[in-house]
Each structure stands twice: as structure tokens, then as C-alpha cells.
Amino acid sequence: MTKTTLPRPLKSLIMLPVFCLSLLNAEAAEIKTQAKHAIMVEGSTGAVLFEHDADVTMPPSSMSKLMTVYLTFERLRDGNILLDDELDVSENIWRKWRLQGSTMFLKAGQKVTVRDLLMGVIVQSGNDACAVLAEGLAGSETVFVEWSNEKAQELGMTNSHFTNVNGWPDPQHYMSARDLATLSQHLVSEFPDYYAMFKEKKFTYNDISQTNRNPILYSMPSADGLKTGHTEDGGYGVAASAIEDGRRLILVINGLKSNRARAREAERLLNYGFRNFSVYPLLKAGEVVDEANVWLGMNGKVPLVIEEDVVLSISRQDRRKMKAKIIYTGPIPAPIVKGQPIAMLEISAKDMKPVTYPLVAGADVSKLGGVSRLKAAFNYLLMGSAGSE
């Protein structure tokens, strides 16, 4: 028989008023955007707070340079290269990129450190800097593109395909907003020693100073990265991140009509996310959530234990309507081994897809023997199923 109950430890948590609910804005039930593609993700939990056509492929323009940065950061972390290592600017790269799109203004024959090339990509959005990194690390851009596609699959970026290292327009070069958010999350979480580069607002090379194109670095004190992009077909976009009171949000928008619209929309959506959503720690790994009835066991009940932390990102409005229940087929027949999966915790809210967590037995329960089993079975049949509620 399936039993559905409200976990006792969660009952008070759900029913008690939360003081921050008074700050709730009436508009919190729905978010709208001018962007053709958008997604906002809670950095700590990966929960999607808002999305619009997030899985539709789009021209990512210079935002796809985040993959070039990721692969470079990865090799730095693994010790394959050093920030002070120098790479050559080939004649071919200089001729190809000196007049096409954004540039670091590199010169043929120069030797440039990996550190400066990364700054040239992140701050100046240099197409030439991307090409030098690709050629220097992989031997050719072709091989580096293969690395990019392999890494995309490894990270679960199922709607991305790379044909170049800088986002130059190509019908076969595409990403989705969700994939860009995934890549951004990995950059933030995997490379804390290098991620600070994204916050730099200005970089000078070859006596030419350029400012970071990321608009939220100038409008939001909490902003600390990542990358803008623009093409005629794709419009204006940005992969952006900000952190307030230890809480990080990651936003990807694309398809805006102007630089000004991109800046305003990025700031508006991030502020909306911080204002209307919160992170709620509900349970800690190892905590007893409730008890389950046991059939023919030395103990009549067994504790149900959660094996992982339960932390939800949810709007403050939905938090008020959150429900939790335990589902299991019971009573659970003895013997039961500690750690045995026996139930599921399901948490749901109005505008949130239900999430489930396995619950395991918190103790061993031996099986009754002989006369004790007969007596217990007789009492159960006489009194009715103790598991039906």
C-alpha cells in the first residue's frame, strides 16, 4: 500500500510564516523579457528560476569565446601551461583577424603571454587572441574546435556545436542559452583562481586601452563576469553573473535589439532574481525525516533518513505554498538493512516541478520469529493496515 504523509520536521517549516514573504512583489508569479532567448540559474543549486526558449539554438557570437577561455583555464589548472608562457602570433592569424571584428591588435611575430591573451579575450573580446590561444595550445584552430565540441558533450551541452574559436558567424556554429549558462556555471565553480579576470574593466596591450563590454560590471556592484556577444543575425546578448550576500545568479540573454536594451534587461532580470527568489536549506544529509511502519520486525517503525542536503531555490510566493510528502509501499517487510532505500521524499509547489529525494533506512530492523511473528500478523489483520491513512 502506498503511504503519503507530511514529514514531521518539515511540517513546522512549511506552516510557519517567513518574515521575508512580506517583501514579495505582486508580479512575482511571472517574468517577461524582451530577449528572444533567456535563462536565469541559481548558482548554488543549479535551479532554473526563469527561462524563455532556452533550448532553441542561436548564434552565440562572442559569448562562445567562453569555451575558449574554459579550455585554457583547464590547461592552466592541470599544469599543462603557465600564465607566463608565451605563444607566437603567426602571420596567418595576423592577416586573418587584424581587420575582422573585435581585436587585441596583436602584431605578426609577437610573443604574448597566456595571461595577456586571456585578458585580450575576456576584456577586449579579441578574435585574434582566441586564434593565438587555439593555435598555441592545440597546434591548429581545427584541433581546438574538436576539443571544444568534445568538452561541450562532456559538460552536457547538448544544443551546442562549434566551428571556430571566437563565435564568428557560421550557420553550423550555435549554442543554446541553457548551454551557455551551464558553461558559465562551470567557469565560476571550477576555476576560482582564474575567474577574477572576468571582473577586470580595462586592459591595455600594445599601448591600446580597451574597456570591458560587459554592461553590468558598471551598473551593478555585485556583478563579476562573464561575456557579451553581438552579431547581426543573433542580436545583442550577454552571459552575466552577480553575487549578493553570498548568493550567485547566472543569467544568459540573447536577441536584444541594442546594446542599451541588453544592458537594461540584464540588470533588470538579475535584480528581479535577487529580489523575488531565495535559497531555502530544508534538510541536511543524515537527518531523520520521518518513520515508516515495519511488517513483522523487532521494531514497529524504522527511521527514514535523507542522504543528501536538500536546498531549494524558489520564489518567495511559491515558498509559502510548498508541500512535502513521503511516498513508500508499506508497511516495510523486515528484515531491513541500514542504508536500504525504502521511500521517496517529494517536494512541490505551484510553479515548480516536483523534485524527489531517496530516503533510506536509518537502522537495521531484524525479523520477528516464531510465536512473535504469528502474534504480530494476527494483530495487524485484526486492527487493519497500519499503513493506510
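Everything below is about the structure printed above this text.
Given the structure is predicted, the values throughout are model-derived calculations rather than measurements.

**Student:** Explain the sheet that holds strand E10 (residues 247-256) to me, please; I cannot follow it from the model alone.
**Tutor:** The strands making up a sheet associate through backbone hydrogen bonding, with each pair oriented either parallel or antiparallel. Strand order in the open sheet formed by five strands is E3-E2-E10-E9-E8, with antiparallel pairing between adjacent strands. With partners counted over all chains shown, the strands left at the sheet margins are strand E3 (48-52) and strand E8 (223-231), one partner each. Averaged over all pairs of adjacent strands, the angle between their axes in this sheet comes to 5 degrees, without regard to strand direction. Taken together, the eight bridges between strand E9 (residues 235-244) and E10 define a ladder with antiparallel strand orientation.

**Student:** Where do I start with the pairing of strand E7 (residues 208-211) in this structure?
**Tutor:** The side chains of a regular strand alternate between the sheet's two faces. Both strand E6 (residues 202-205) and E7 contribute to a ladder of four bridges, which runs antiparallel. Considered in E7, the bridge of phenylalanine 203 is made with glutamine 210. Between E6 and E7, which follow one another and run antiparallel, lie two residues, and asparagine 206 among them has a positive phi close to 55 degrees.

**Student:** Can you walk me through unusual backbone geometry in this structure?
**Tutor:** Leaving glycine out, the prevailing phi sign among residues is negative, and the prevailing peptide bond configuration is trans. With an omega of 15 degrees, the peptide bond running from glycine 225 to leucine 226 counts as cis. Its place among the elements puts leucine 226 in strand E8. The step from alanine 334 to proline 335 runs through a cis peptide bond, and the omega angle for that step is 5 degrees. Within the secondary structure, proline 335 sits in the loop between strand E16 (332-333) and strand E17 (341-349). With a phi close to 60 degrees, serine 125 is a non-glycine residue in the positive phi region. The residue serine 125 is located in the loop between helix H4 (114-122) and helix H5 (127-138) in this model.

**Student:** Before we go on, may I ask you to explain the environment of leucine 270 in this structure?
**Tutor:** As for its position among the elements, leucine 270 is in helix H10 (residues 259-276). Expressed as a C-alpha distance, the spacing of leucine 270 and leucine 249, which sit 21 residues apart in the sequence, is 7.1 Å. Aside from chain neighbours lying at most four places away, what touches leucine 270 is Met40, Ile216, Met220, Ala240, Ala242, Leu249 and Leu251.

**Student:** Explain the packing of helix H2 (residues 65-77) against H5 here, please?
**Tutor:** Axis angle and axis distance: for two packed helices, these are the angle between their axes and the distance between the axes, and together they describe the pair. Between H2 and H5, the shortest axis-to-axis distance is 11 Å and the interhelical angle comes to 40 degrees. Relative to H5, the element H2 is oriented oblique. Considering only the axes of H2 and H5, their crossing is left-handed. Here Lys65, Thr68, Thr72 and Arg75 of H2 lie close against H5, whose contacting residues are Asn127, Cys130, Leu133 and Leu137. Considered class by class, the residues forming the contact of H2 with H5 number three nonpolar, three polar and two charged.

So, how was this worked out
- Residues numbered from 1 in each chain as written.
- Predicted model: local features only at pLDDT ≥ 70, side-chain atom pairs only at ≥ 80, totals over all residues.
- Heavy atoms only, no water.
- Pairing = 2+ DSSP bridges.
- Helix = DSSP H or I, 4+ residues; strand = E, 2+ residues; numbered from the N terminus.
- Axes fitted to C-alpha atoms, helices over the stretch in contact; angles between N-to-C directions.
- Contact = heavy atoms within 4.5 Å.
- Parallel < 35°, antiparallel > 145°, perpendicular 65-115°, else oblique.
- Left-handed = near helix turned anticlockwise from the far one by under 90°.
- Nonpolar A, V, L, I, M, F, W, Y, C, P; charged D, E, K, R; others polar.

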